[in-house]
Amino acid sequence: MLWRYIFFRVLMLIPVSFSISVVIFMIVHLLPGDPIDNLIRVGSSPDDRAALITKYGLDQPLAIQYLRWIGAMFQGDFGEAIVLRRPVADLIAQNLPYSLALGGLAFAFSSIVGIILGTISATTRSKIVEQFMRGFILLGSTVPGFWLALLMILFFAVQLQWFPVSGAGGWSALVLPVLTIGFGGVALVARVTRVALLDVKREDFVMLLHAKGLPSYKILFGHLMPHALLPVVTILALRIGWILGGAVTVEFVFGRPGLGSLLIRALGQRDYPVVQGCLLMLALAVMLGTLIGDVAQAAMDPRIREAKT
Amino acid sequence: MSSMTGIAARWMAGYRGTPVSRAFGSWLGKIAGGFLVLLVLTAIFAPWITPFDYAAQDLTNGNAPPGWPHLLGTDQFGRDVLSRVIYGARTSLSVSATAIAISITAGMTLGAAAGYFGGFFERAVMTVVDLTWSFPDILIALIFVAIIGPGLTSTTFAIAIAYLAQFTRLTRAQIVRLKRETFIEATINLGAKPHHILLKHLLPNAIAPVIVVGMLAIGDGIVLEATLGFFGLGAQPPTPSWGAMMSSGTAQLFLSPWVIIFPGVVVAVTVIAVNLFGDELIRALDIRDRIRGS
């Protein structure tokens, strides 16, 4: 059954990725002016211009252009960056590992710390811890990421000089960005974990477990957690996309290389082949993230498999 | 919930006055709501309150620390930070509120139509909505800015598009739930026309959660506006905007951190106030389940 679910879920990716790629493809055509003017360097010779028109097939119908564009993408040809004068594929290959490292660490950090904090706040009876968690969750879900990043730089990098201000040299440069993205993620995961645990705690079977004398820690880890983790996995899966979104901002502030900062810089310089390449990669990552999340959820809960196939 | 329902039970439970006055009832609501009212008034009366011209440069007095007469200091061009923060409230609030108004109008129309008519139309709309739902708002906004280019107009539309899915989903959920109610069935049996049912019965009953979520979304919109402004893709100089101020402040991070700190504090406090007050409103209207269920 699970394989059947995965099959249909992967099948769903085809129309989804098709529509997204069409939107991203259309960017250069919806911009004011001739598409070629958005794709060519200022001061190019008429010969270059003609060559580029043939390369992108700009003299052909839109549908054909799209097919050529997406076909080239599949072969790893993302076009040529206008400002940086290098193949976009190289730029992406160079920046992707940084984004993956940052995103992966931030994701792991928010999941682990979030689940621990959520569990503590659901099991404690202390009012102070309770209030602290409420405040933390409120701050974590409202404070703008880029401002938090700036504050982190001001405090930890400029005042205390514990970490480098910017750049990507080594592990110490990863600490502040991961903490910045993780802050929001931890708050979210902690809240969901807390609510889920409190919900399960009210079930009759938990009272039975207490009545038969099982130690609380065994009830927590053996019985409460498996139930409570399902909504947590759901939210974490959705969060993969949001962590990428947060990474875009944070990479830019910390001046780290990565898909996000590449994208923002390209948007500012109107370097559209790079913009298209980055957006496509980020969209792909979001889709893969939700796919993994959905499959993990279906693997954990048979009801979801039944309902969706 | 007690067994008593309706107005009597609500009155006994302390549900008196309008929802807004109830939201102002708790001390959290008073602080958060009071701050928001103050902020809106500040934005409206900005020209009369600001101590300095927000664009006036005084290069001999650049990067001055907070003190007198520049209460929040000056930036690299010697412009008064306080005046720019006050004018930034105008930009930020108007952009976010306009965007969310557009988003609510479009989202309610789509969601109501999808929920009411159902069938293929509903499925088509909801497929697109679910698709955009999984994407981070900043990514949707960036795609949009890539298409129409940087500026405040595109920022407005980018925010509107980014939250469209949320309002469509919410409205549809409300309509679908209301359609099952007996009074709607009765109205249908009395021979009411679809537009009458939609406009007179369904939408008025569906509007409360949408308004509250809209208010919360204005907070998100402010953050998104500030983020785009920070990237240099939102408000263009010399328009004062919280995000753009912080972005120009990064160059002088060591020299004049107050250029970054104060606009950021205002953004953060505003968003926190919006969230707290929105929470109080949700409690006052007793609609938590209706928002969660969408």
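No experiment lies behind these values; they were computed from the predicted model shown.

**Brief notes about the overall build of chain A**
Link 1 in the chain: In terms of helices and strands, chain A carries 13 helices and 0 strands.
Link 2 in the chain: The order of α-helices and β-strands along chain A, N terminus first, is α-α-α-α-α-α-α-α-α-α-α-α-α.
Link 3 in the chain: If you line up chain A on its principal axes, its C-alpha atoms span 85 × 55 × 30 Å.
Link 4 in the chain: Relative to its 309 residues, chain A shows a buried fraction of 47%.
Link 5 in the chain: With the model as given, the accessible surface of chain A reaches about 15300 Å², and the carbon-plus-sulfur share is 67%.

**Details of the overall build of chain B**
Link 1 in the chain: Per the secondary structure count, chain B includes 13 helices and 0 strands.
Link 2 in the chain: The order of helices and strands in chain B, counted from the N terminus, is α-α-α-α-α-α-α-α-α-α-α-α-α.
Link 3 in the chain: Put simply, chain B has 294 residues, and 51% of those count as buried.
Link 4 in the chain: Put simply, 72% of the contacts in chain B that link residues at least 6 apart link residues at least 24 apart.
Link 5 in the chain: On chain B, roughly 13500 Å² of surface is accessible, and the fraction owed to carbon and sulfur atoms is 67%.

**Focus on the interface of chain B and chain A**
Link 1 in the chain: Across the boundary between the two partners, chain B contributes 33 residues, which contact 41 residues of chain A.
Link 2 in the chain: Between chain B and chain A, the buried area comes to about 3300 Å², and carbon and sulfur atoms account for 86% of it.
Link 3 in the chain: The interface formed by chain B and chain A includes 0 salt bridges.
Link 4 in the chain: Between chain B and chain A we count 1 residue pair in polar contact (both at pLDDT 80 or more) in total.
Link 5 in the chain: Elements that contribute at least two residues to the side of chain B that touches chain A include exactly helix H7 (137–148), helix H10 (194–230) and helix H12 (258–285) of chain B.
Link 6 in the chain: Per element, the largest residue contribution to the side of chain B that touches chain A is 10 residues, and it comes from H12(B).

**Some points on the environment of A:Ser21**
Residues and elements named next belong to chain A.
Link 1 in the chain: Note on placement: Ser21 falls in helix H1 (residues 2–30).
Link 2 in the chain: The class of Ser21 is buried, set by a relative accessible area of 4%.
Link 3 in the chain: C-alpha of Ser21 to C-alpha of Leu279: the two residues are 258 residues apart in sequence and 9.2 Å apart in space.
Link 4 in the chain: Ignoring any residue separated from it by four or fewer positions in sequence, one finds Ser21 in contact with Tyr66, Trp69, Ile70 and Leu280.

**Here's the deal with the packing of aromatic side chains**
Link 1 in the chain: Taken as a whole and assessed by the stated rule, the structure comprises 14 aromatic pairs over all chains.
Link 2 in the chain: Taking the centre distance of 5.4 Å and the plane angle of 75 degrees together, the rings of A:Phe25 and A:Tyr66 count as edge-to-face. Of the two residues, A:Phe25 sits in helix H1 while A:Tyr66 sits in helix H4 (residues 62–74), which places them 41 residues apart along the sequence.
Link 3 in the chain: Of the residues examined, A:Tyr66 reaches a relative accessible area of 10% and is grouped as buried.
Link 4 in the chain: Centre to centre, the rings of A:Phe25 and A:Trp69 are 5.4 Å apart; their planes meet at 50 degrees, and the pair counts as tilted. Taken together, the positions of A:Phe25 in helix H1 and A:Trp69 in helix H4 put the pair 44 residues apart, joining distant regions of the chain. Each member of the pair, A:Phe25 as well as A:Trp69, carries the same accessibility label: buried.
Link 5 in the chain: Here a set of aromatic residues connected by ring pairs shows up, and it is made of A:Phe18, A:Phe25, A:Tyr66 and A:Trp69.
Link 6 in the chain: Over the aromatic face of B:Tyr116 sits the side chain of B:Lys179, whose NZ or CZ is 6.0 Å from the ring centroid.

**A look at the UniProt feature "transmembrane region" (unreviewed entry) in chain B**
Link 1 in the chain: UniProt tags residues 27–49, 93–118, 138–165, 206–235 and 255–278 of chain B as "transmembrane region" (unreviewed entry).
Link 2 in the chain: Between the first and last C-alpha atoms of residues 27–49 of chain B the distance is 27 Å; the span itself is 96% helix and 0% strand.

**Examining the pattern of salt bridges**
Link 1 in the chain: Under the defined criterion, the tally for this structure stands at 6 salt bridges over all chains.
Link 2 in the chain: Here A:Asp199 and A:Arg202 are joined by a salt bridge, their closest N and O atoms 3.1 Å apart.
Link 3 in the chain: The partner of B:Arg283 in a salt bridge is B:Glu280, with the nearest N and O atoms 3.7 Å apart. Of this pair, B:Arg283 and B:Glu280 both sit in helix H12, 3 residues apart, which is roughly one turn of that helix.

**Focus: the UniProt feature "transmembrane region" (unreviewed entry) in chain A**
Residue and element names in this part refer to chain A.
Link 1 in the chain: According to UniProt, the "transmembrane region" (unreviewed entry) feature falls on residues 7–31, 100–124, 136–158, 170–192, 228–254 and 274–296.
Link 2 in the chain: Counting secondary structure, residues 136–158 comes out at 91% helix and 0% strand; the distance between its end C-alpha atoms is 24 Å.
Link 3 in the chain: Note that residues 274–296 is 100% helix and 0% strand, and that its end C-alpha atoms are spaced 33 Å apart.

**Thoughts on the nonpolar core**
Link 1 in the chain: In this structure, B:Leu142 and B:Met246 are the most contacted members of the largest nonpolar core, which totals 150 residues.
Link 2 in the chain: Sorting elements by how many residues they give to this core places H10(B) first, with 17 residues.
Link 3 in the chain: Leaving out residues up to four positions away in the same chain, B:Leu142 has contacts with A:Val248, A:Leu263, A:Ile264, A:Leu267, B:Leu228, B:Phe231 and B:Leu233.
Link 4 in the chain: Membership of the second largest hydrophobic core comes to 16 residues, among which are A:Ala122, A:Leu197, A:Leu220 and A:Ala228.

**So, the packing of helix H5 (residues 81–117) of chain B against helix H8 (residues 152–179) of chain B**
If you want to describe how two helices pack, look at the angle between their axes and the distance between the axes.
Link 1 in the chain: Packing of H5(B) against H8(B) leaves a shortest axis separation of 5 Å and a crossing angle of 35 degrees. Between H5(B) and H8(B) lies a crossing of right-handed hand.

**Regarding the UniProt feature "domain: ABC transmembrane type-1" (unreviewed entry) in chain B**
Link 1 in the chain: Mapped onto the present numbering, the UniProt feature "domain: ABC transmembrane type-1" (unreviewed entry) falls on residues 89–278 of chain B.
Link 2 in the chain: Annotation note: span residues 89–278 of chain B, helix share 83%, strand share 0%, distance between end C-alpha atoms 19 Å.

**Some details on the confidence of the model for chain B**
Residues and elements named next belong to chain B.
Link 1 in the chain: The share of residues in chain B with pLDDT of 70 or more is 92%, and the mean pLDDT across the chain is 82.
Link 2 in the chain: In the model of chain B, helix H1 (residues 6–12) stands out as the element of lowest mean pLDDT, 60, in contrast to H5, which has the highest, 90.
Link 3 in the chain: Across the assembled chains, the prediction reports ipTM 0.79 with pTM 0.84.

**Here's the deal with helix H11 (residues 259–269) of chain A**
Residues and elements named next belong to chain A.
Link 1 in the chain: Counted residue by residue, H11 has 8 buried out of 11 residues, so it is predominantly covered.
Link 2 in the chain: Among the residues of H11, Leu259, Gly260, Ser261, Leu262, Leu263, Ile264, Ala266 and Leu267 are the ones counted as buried.
Link 3 in the chain: Among the residues trailing H11, Arg270 stands out with phi positive, at a value near 55 degrees.

**Considering the layout of surface pockets**
Link 1 in the chain: By volume, the second largest pocket is sized at about 490 Å³.
Link 2 in the chain: Around the second largest pocket, the lining is made up of 17 residues, and of these A:Val23, B:Val128, B:Thr132, B:Ile140 and B:Ile161 lie nearest the centre.
Link 3 in the chain: Listing elements by their share of the lining of the second largest pocket, those giving two or more residues are H1 of chain A together with helix H6 (119–133), H7 and H8 of chain B.
Link 4 in the chain: In terms of residue count, H6(B) provides more of the lining of the second largest pocket than any other element does, 5 residues in total.
Link 5 in the chain: Residues of the lining of the second largest pocket, tallied by class, amount to 14 nonpolar, 3 polar and no charged.

Reading guide: rules and limits
- Residues numbered from 1 in each chain as written.
- Chains lettered and ligands numbered in written order.
- Predicted model: local features only at pLDDT ≥ 70, side-chain atom pairs only at ≥ 80, totals over all residues.
- Heavy atoms only, no water.
- Helix = DSSP H or I, 4+ residues; strand = E, 2+ residues; numbered from the N terminus.
- Buried < 20%, exposed > 50% of the residue type's maximum accessible area, 1.4 Å probe, protein only.
- Areas by Shrake-Rupley, 256 points an atom, 1.4 Å probe, with all protein chains shown as cover.
- Contact = heavy atoms within 4.5 Å.
- Buried area = accessible area lost by both parts, 1.4 Å probe.
- Salt bridge = Lys/Arg side-chain N within 4 Å of Asp/Glu carboxyl O.
- Polar contact = N/O pair within 3.5 Å; in protein donor to acceptor, adjacent residues only side chain to side chain.
- Phe/Tyr/Trp six-rings, centres within 6.5 Å; stacked < 30°, edge-to-face > 60°.
- Lys NZ or Arg CZ within 6 Å of the ring centre and 35° of its normal.
- UniProt positions renumbered as here; feature names shortened; annotations may be inferred.
- Core = buried A, V, L, I, M, F, W, Y, C linked by side-chain atoms within 4.5 Å.
- Axes fitted to C-alpha atoms, helices over the stretch in contact; angles between N-to-C directions.
- Left-handed = near helix turned anticlockwise from the far one by under 90°.
- pLDDT = per-residue confidence, 0-100.
- 1 Å grid on protein atoms, 1.4 Å probe; cavity = no way out; pocket = protein on both sides within 12 Å on 5 of 7 lines; lining within 4 Å.
- Points joined across faces, edges and corners; volume = space filled by probe spheres on them.
- Nonpolar A, V, L, I, M, F, W, Y, C, P; charged D, E, K, R; others polar.

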